[in-house]
Amino acid sequence: KYDYKLGEPAAAAMRRCIADAVRDKDSRFGNGRFVRNLFEKVIEKQANRLAASPDLSKADVSYLTVPDFEQAFPRK
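Residues numbered from 1 in each chain as written. Predicted model: local features only at pLDDT ≥ 70, side-chain atom pairs only at ≥ 80, totals over all residues. Heavy atoms only, no water.

A. Representation of the overall build of the chain within the structure. Tallying secondary structure elements over the chain gives 4 helices and 2 strands in all. Ordered by position in the sequence, the α and β elements of the chain form the string β-α-α-α-β-α. Each principal axis of the C-alpha distribution contributes one length, and for the chain these read about 45 × 25 × 20 Å. Of all 76 residues assigned to the chain, the portion counted as buried reaches 28%. Sequence-distant contacts in the chain: of pairs separated by 6 or more residues, those separated by 24 or more amount to 61%. A distance of 6 Å separates the average location of the 15 positive side-chain charges in the chain from that of its 11 negative side-chain charges. (Helix = DSSP H or I, 4+ residues; strand = E, 2+ residues; numbered from the N terminus. Buried < 20%, exposed > 50% of the residue type's maximum accessible area, 1.4 Å probe, protein only. Contact = heavy atoms within 4.5 Å. Lys, Arg positive; Asp, Glu negative; His and termini not counted. Charge placed at Lys NZ, Arg CZ, Asp CG, Glu CD.)

The following block contains the structure:
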């Protein structure tokens, strides 16, 4: 829907974030809510990363990276 792209390393980071959250879940955990919140945090981290970059292309703006996921959901 939003046309974001991620390579295999970022996809693996996303899977780790979700697996860690499921492993450590409590009684209030909601899969859909977690994924929506994770996505929002990842987009925020990506925006922070790109803020200092001049001359961004459409590809730059649509690409999510491993650090975007790691910063959005740090491992315990």
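Let us keep going from here.
B. Seen up close, helix H2 (residues 31-50). The end-to-end C-alpha separation of H2 is 28 Å, in line with the 28 Å expected for 20 residues at 1.5 Å each. Among the residues of H2, those classed as buried are Phe-34, Leu-38, Val-42, Ile-43, Gln-46 and Leu-50. Relative to the axis of H2, the buried residues are bounded by an arc of 165° and lie together on one face. Against the buried residues of H2 lie helix H1 (8-23), helix H3 (58-62), strand E2 (63-64) and helix H4 (66-72). (Expected span 1.5 Å × (residues − 1). Arc of directions from axis to C-beta.)

C. How the structure looks around the packing of aromatic side chains. Counted by the stated rule, this structure contains 4 aromatic pairs. Look at Tyr-4 and Phe-39: their rings are 5.7 Å apart centre to centre, the planes differ by 75°, and that puts the pair in the edge-to-face class. Of this pair, Tyr-4 sits in the segment before strand E1 (5-6) while Phe-39 sits in helix H2; the two residues are 35 residues apart in sequence, bridging distant segments of the chain. Classification of Tyr-4 by relative accessible area gives partly exposed; the value is 28%. By relative accessible area, which is 31% here, Phe-39 ends up partly exposed. Ring geometry for Phe-29 and Phe-34: centres 5.8 Å apart, planes at 40°, overall tilted. Residue classification places Phe-34 among the buried positions, given a relative accessible area of 15%. (Phe/Tyr/Trp six-rings, centres within 6.5 Å; stacked < 30°, edge-to-face > 60°.)

D. Structural context of the layout of surface pockets. Of the voids in this model, the largest pocket is the one considered here, and its volume is about 240 Å³. If you go around the largest pocket, you meet 14 residues; those closest to its centre are Ala-21, Asp-24, Lys-25, Phe-29 and Phe-73. Within the residue set of the lining of the largest pocket, elements represented by two or more residues are H1 and H2. With 3 residues, the single largest contributor to the lining of the largest pocket is H1. When the residues that make up the lining of the largest pocket are grouped by side-chain class, the tally is 5 nonpolar, no polar and 9 charged. (1 Å grid on protein atoms, 1.4 Å probe; cavity = no way out; pocket = protein on both sides within 12 Å on 5 of 7 lines; lining within 4 Å. Points joined across faces, edges and corners; volume = space filled by probe spheres on them. Nonpolar A, V, L, I, M, F, W, Y, C, P; charged D, E, K, R; others polar.)

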